[in-house]
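Okay, here's what each chain looks like letter by letter:
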Amino acid sequence: ALKEHAEEWGVTILQAEDEMDAGDIWATNNFKISRHQGKVPTKSSVYRGECINAAVVGLRQVLHDFAEGNSSPRPLDYSKPNVNGKWRPKMLQADRAVDWSASMYDIATIVGASDS
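For the structure given in this document, a descriptive report is provided here. (Residues numbered from 1 in each chain as written. Predicted model: local features only at pLDDT ≥ 70, side-chain atom pairs only at ≥ 80, totals over all residues. Heavy atoms only, no water.)

**Focus: the layout of surface pockets**
And step 1. Considering only enclosed or pocket space, the largest pocket measures out at about 1800 Å³ in volume.
And step 2. Along the wall of the largest pocket there are 42 residues; nearest its centre are Trp-9, Gly-10, Lys-86, Trp-87 and Arg-88.
And step 3. Put simply, the parts of the chain that give the lining of the largest pocket at least two residues each are strand 1 (8-14), strand 2 (25-32) and helix 1 (43-67).
And step 4. With 7 residues, strand 1 is the largest single contributor of residues to the lining of the largest pocket.
And step 5. Considering only residue class, the lining of the largest pocket consists of 20 nonpolar, 8 polar and 14 charged. (1 Å grid on protein atoms, 1.4 Å probe; cavity = no way out; pocket = protein on both sides within 12 Å on 5 of 7 lines; lining within 4 Å. Points joined across faces, edges and corners; volume = space filled by probe spheres on them. Helix = DSSP H or I, 4+ residues; strand = E, 2+ residues; numbered from the N terminus. Nonpolar A, V, L, I, M, F, W, Y, C, P; charged D, E, K, R; others polar.)

Dropping the structure here:
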């Protein structure tokens, strides 16, 4: 999402299954990716800020729903209009290659999306 300059990202709380990211969904929360004064966000800053905040909100919602007896996960269904995420493959080394002839902003985006 950072490499693609997405303005919004999200966190999904899902049920653990044998296959990675294949479990039913308990909660989702989207958030705007902060780009203060044109600064390029880094993966670590988004994970430590917006992602954690969205995950806490989602976890609280799951616990509240469970306490109220309204908890049931749902399968991922891209045909539903309220599903606005998309599956993203693991970012490989080749995806992080820097084209030194690119703009400074594009280079900073690749570096920022690759930190940890």
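**A closer look at helix 1**
And step 1. Taking 1.5 Å of rise per residue, 25 residues should cover 36 Å, and helix 1 covers 34 Å from first to last C-alpha, within 8% of that figure.
And step 2. Of all the bends found along helix 1, the most pronounced is centred on Cys-51 and spans about 35 degrees.
And step 3. Along helix 1, the residues that are buried comprise Lys-43, Ser-44, Val-46, Gly-49, Glu-50, Cys-51, Ala-54, Gly-58, Val-62 and Asp-65.
And step 4. Contact partners of the buried residues in helix 1: strand 1, strand 2 and helix 2 (104-114).
And step 5. Following helix 1 by one or two positions, Gly-69 has its phi on the positive side, about 80 degrees. (Expected span 1.5 Å × (residues − 1). Bend = angle between axes of the 7 residues up to and from the residue. Buried < 20%, exposed > 50% of the residue type's maximum accessible area, 1.4 Å probe, protein only. Contact = heavy atoms within 4.5 Å.)

**Observations regarding the packing of aromatic side chains**
And step 1. Evaluated as defined, the whole model comprises 1 aromatic pair.
And step 2. Aromatic pair Trp-9 and Tyr-47: ring centres 6.0 Å apart, planes at 40 degrees, arrangement tilted. Taken together, the residues span a long stretch of sequence, with Trp-9 in strand 1 and Tyr-47 in helix 1 at a distance of 38 residues.
And step 3. Judged by its relative accessible area of 43%, Tyr-47 is partly exposed. (Phe/Tyr/Trp six-rings, centres within 6.5 Å; stacked < 30°, edge-to-face > 60°.)

**Looking at the nonpolar core**
And step 1. Core analysis: the biggest nonpolar cluster contains 11 residues, these being Ala-1, Leu-2, Ala-6, Trp-9, Val-11, Phe-31, Ile-33, Val-46, Cys-51, Ala-54 and Ala-113.
And step 2. Residue assignment for this core shows that the elements contributing at least two residues are strand 1 and helix 1.
And step 3. Examining the composition of this core, we find that 3 residues originate from one element, helix 1, more than from any other.
And step 4. Other than its neighbours up to four places away in sequence, Ala-113 contacts Leu-2, Lys-3, Lys-43 and Met-91. (Core = buried A, V, L, I, M, F, W, Y, C linked by side-chain atoms within 4.5 Å.)

**A few points about the pattern of salt bridges**
And step 1. All told, the structure shown has 1 salt bridge when counted by the stated rule.
And step 2. Of the charged contacts in the structure, one is a salt bridge between Lys-32 and Glu-8, with a shortest N-O distance of 3.9 Å. With Lys-32 in strand 2 and Glu-8 in strand 1, this pair connects stretches of sequence that are 24 residues apart.
And step 3. For Glu-8, a relative accessible area of 36% corresponds to the partly exposed category. (Salt bridge = Lys/Arg side-chain N within 4 Å of Asp/Glu carboxyl O.)

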